[in-house]
Amino acid sequence: MLSPVCVVDTNVVVSGLIGADGGSPPARILNAMLDGNLLYLMSGDLLDEYSSVLRRPALVRVHRCTDDDIDRVLACLVANSMWREPAVDGDALDSGDNHLWALLATFPQALLVTGDGLLLDNPPSNASVTSARHFADMISPEREE
């Protein structure tokens, strides 16, 4: 099944990188992004956010990645993405998420994947928002053993 085009919020990428469970929804999504098995949008603003958050000292202590490791992850994410430069500003409830709304506007059927309750409860008018768990099950249902 072909996955929908999505925008993956920073909290999902970070959770996928720092989580101990490789089968967790964020890890499954991040792995699909890194493996080139997911259609997702990326912009300069979203890449900057990924980079700055992954380099926060508190997170570095958890994921233990060097700057070079982070650069390699980000380069892979960019290489596998559908790059967009939004021409308009977004109008999110939290202005820090405006870049997500703007990116979603570049692809009308795009789906925002997030763990942020505010975003889940207040989707933009032009796109849908879903949880990491729901999306991970859409793209790769967990197998029961």
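It should be noted that the structure appears before, not after, this text.
Residues numbered from 1 in each chain as written. Predicted model: local features only at pLDDT ≥ 70, side-chain atom pairs only at ≥ 80, totals over all residues. Heavy atoms only, no water.

A. The sheet that holds strand S4 (residues 111–114), seen in detail. Read across the sheet, three strands follow the order S1-S4-S5 without closing on themselves; strand pairing throughout is parallel. Looking at strand neighbours, the two that pair on one side only are strand S1 (6–8) and strand S5 (128–131), the edges of this open sheet. On average, each strand axis in the sheet is tilted by 25° relative to the strand beside it, whichever way the strands run. In the sheet, S1 pairs with S4 via three bridges, with the strands oriented parallel. Within the sheet, the bridge partner assigned to Val-8 lies in S4 and is Val-113. (Pairing = 2+ DSSP bridges. Helix = DSSP H or I, 4+ residues; strand = E, 2+ residues; numbered from the N terminus. Axes fitted to C-alpha atoms, helices over the stretch in contact; angles between N-to-C directions.)

B. Representation of the environment of Ser-43 in the model. Topologically, Ser-43 is positioned in the loop between strand S2 (41–42) and helix H3 (44–54). As for Ser-43 and Trp-83, which are separated by 40 residues in sequence, their C-alpha atoms are 5.8 Å apart. Once you skip the residues sitting within four places of it in the chain, Ser-43 turns out to touch Trp-83, Arg-84, Pro-86 and Leu-103. (Contact = heavy atoms within 4.5 Å.)

C. How the structure looks around the packing of helix H1 (residues 10–18) against helix H2 (residues 25–34). Closest axis-to-axis distance for the H1/H2 pair is 7 Å, and the angle between their directions is 100°. Viewed along their axes, H1 and H2 adopt a mutual orientation that is roughly perpendicular. In contact with Val-12, Val-13, Ser-15, Gly-16 and Leu-17 of H1, H2 contributes Pro-26, Ala-27, Ile-29, Leu-30 and Met-33. (Parallel < 35°, antiparallel > 145°, perpendicular 65-115°, else oblique.)

D. Structural view of the nonpolar core. With 40 residues, the main nonpolar core has Val-8, Ile-29, Met-33, Leu-38, Tyr-50 and Leu-77 as its most contacted residues. Broken down by element, the residue count for this core peaks at five residues, all from H3. Leaving out residues up to four positions away in the same chain, Ile-29 has contacts with Val-8, Val-12, Leu-38, Val-113, Ala-132, Phe-135, Ala-136 and Ile-139. (Core = buried A, V, L, I, M, F, W, Y, C linked by side-chain atoms within 4.5 Å. Buried < 20%, exposed > 50% of the residue type's maximum accessible area, 1.4 Å probe, protein only.)

E. Structural view of the pairing of S4. Covered by surrounding structure in S4 are Leu-111 and Val-113 together with Leu-112 and Thr-114, the residues of both alternating faces. One ladder, built from four bridges, connects S4 with S5; its direction is parallel. For Thr-114, the partnering residue across the bridge sits in S5 and is Ser-131.

F. Expanded view of the side chain of Thr-114. Checked against the element boundaries, Thr-114 lands in strand S4. A polar contact of 2.7 Å, which involves the side chain of Thr-114, links it to the side chain of Asp-9. Contacts of Thr-114, omitting those with residues within four sequence positions, involve Asp-9, Asn-11, Val-12, Leu-119, Leu-120, Val-129, Thr-130, Ser-131 and Ala-132. (Polar contact = N/O pair within 3.5 Å; in protein donor to acceptor, adjacent residues only side chain to side chain.)

G. How the structure looks around the side chain of Asp-9. Mapped onto the elements of the fold, Asp-9 is located in the loop between S1 and H1. Within the buried set, Asp-9 has no salt-bridge partner at all; the shortest N-O distance to an opposite charge, 10 Å, is to Arg-56. Among the polar contacts listed, one links the side chain of Asp-9 to the side chain of Asn-11, at a separation of 2.9 Å. Those residues in contact with Asp-9 that sit more than four places away from it in its chain are Glu-49, Tyr-50, Leu-100, Leu-112, Val-113, Thr-114, Asp-116 and Leu-119. (Lys, Arg positive; Asp, Glu negative; His and termini not counted. Salt bridge = Lys/Arg side-chain N within 4 Å of Asp/Glu carboxyl O.)

H. Fine view of the packing of H2 against helix H8 (residues 132–139). The geometry of H2 relative to H8 is characterised by a closest axis approach of 8 Å and an angle of 55° between their N-to-C directions. With respect to their mutual orientation, H2 and H8 come out oblique. Here the hand of the crossing between H2 and H8 comes out left-handed. Across from Pro-25, Pro-26, Arg-28, Ile-29 and Ala-32 in H2, the residues of H8 making contact are Ala-132, Arg-133, Phe-135, Ala-136, Asp-137 and Ile-139. Here the contact of H2 with H8 is composed, by residue class, of eight nonpolar, no polar and three charged. (Left-handed = near helix turned anticlockwise from the far one by under 90°. Nonpolar A, V, L, I, M, F, W, Y, C, P; charged D, E, K, R; others polar.)

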